[in-house]
Amino acid sequence: MADLPQHVAFAAHLKTTFRVYLDDDNTLDTTLVEVSELLLSPRQERFSIVFRGPNETLLDQGNRRFSHDQLGEFELFLVPISRTDQGTDYEAVFNRIPKTD
């Protein structure tokens with residue numbers, strides 16, 4: 001599985017489809033609907049992203065495998081945060097040490 005995409009990669013793919021694996025054979029299509037501002041300090045980078053999925057399938061909080069046509073496969077810890085007529089929103093929060101070259 002690939003490294004987690006960076007903030008810039010998520011921002012470039014806003015409003016695109018990300019597939020969440022329910023099991024080895026079944027996926028749920030979600031749309032990346034929000035990418036927060038990137039907050040940088042010498043010790044960490046912080047941002048969050050929000051996906052929207054259909055109300056018919058509710059995902060519990062936990063690690064989920066994702067797939068995207070350009071970004072490949074990766075895992076995120078996902079938390080359901082709201083449910084409206086438009087769908088159910090899930091958030092992943094990033095708080096990590098920046099890569100240095």
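In this text, all values refer to a predicted model and were calculated from it rather than measured experimentally.

Here's the deal with the pairing of strand 5 (residues 62-68)
So, point 1. Along strand 5, 5 of the 7 residues are buried, which leaves the element largely enclosed by surrounding structure.
So, point 2. Two elements, strand 1 (residues 17-21) and strand 5, share 2 bridges in a ladder whose sense is antiparallel. Looking across to strand 5, one finds that Val20 is bridged to Phe66.
So, point 3. Taken together, the 7 bridges between strand 5 and strand 6 (residues 72-84) define a ladder with antiparallel strand orientation. Counterpart to Arg64 in the pairing with strand 6 is Leu76.
So, point 4. Where strand 5 folds back on strand 6, the antiparallel hairpin that results is connected by 3 residues.

A look at the nonpolar core
So, point 1. Ranked by size, the top nonpolar core spans 19 residues in total, and within it Phe10, Phe18, Ile49, Phe51, Phe66 and Leu76 carry the most contacts.
So, point 2. Secondary structure elements with two or more residues in this core: helix 1 (7-12), strand 1, strand 2 (27-35), strand 4 (45-53), strand 6 and strand 7 (87-96).
So, point 3. Other than its neighbours up to four places away in sequence, Phe51 contacts Phe18, Thr30, Thr31, Leu32, Val33, Phe66, Leu76, Leu78, Thr88, Asp89 and Tyr90.

Comments concerning the pattern of salt bridges
So, point 1. Per the stated rule, a full pass over the model turns up 5 salt bridges.
So, point 2. With a closest N to O distance of 2.7 Å, Arg96 and Glu45 form a salt bridge. Taken together, the positions of Arg96 in strand 7 and Glu45 in strand 4 put the pair 51 residues apart, joining distant regions of the chain. The pair Arg96 / Glu45 is uniform in exposure class, with both members buried.
So, point 3. Through salt bridges with shared partners, a single network forms among Asp24, Arg65 and Glu73.

What counts and what doesn't
- Every chain is numbered independently, its residues counted from 1 as its sequence is written.
- Local features in a predicted model are, by the rule used here, given only for residues with pLDDT of at least 70; side-chain atom pairs are given and counted only at 80 or more, and totals for whole chains, interfaces and linings are based on all residues.
- Side-chain measures here rest on the full set of heavy atoms in the structure, leaving out hydrogens and waters.
- Relative accessibility under 20% of the residue-type maximum defines a buried residue, over 50% an exposed one, and the middle range a partly exposed one, all with a 1.4 Å probe and only protein chains included.
- Put simply, DSSP H or I for four residues or longer makes a helix, DSSP E for two residues or longer makes a strand, and each gets a number counted from the N terminus.
- Any two strands with at least two DSSP-identified bridges between them are counted as paired.
- Only buried residues count toward a nonpolar core. Its members are Ala, Val, Leu, Ile, Met, Phe, Trp, Tyr and Cys residues joined through side-chain atoms within 4.5 Å.
- Here, two residues are considered to be in contact whenever any of their heavy atoms come within 4.5 Å of each other.
- By salt bridge we mean one thing: a side-chain nitrogen of Lys or Arg within 4 Å of a carboxyl oxygen of Asp or Glu.

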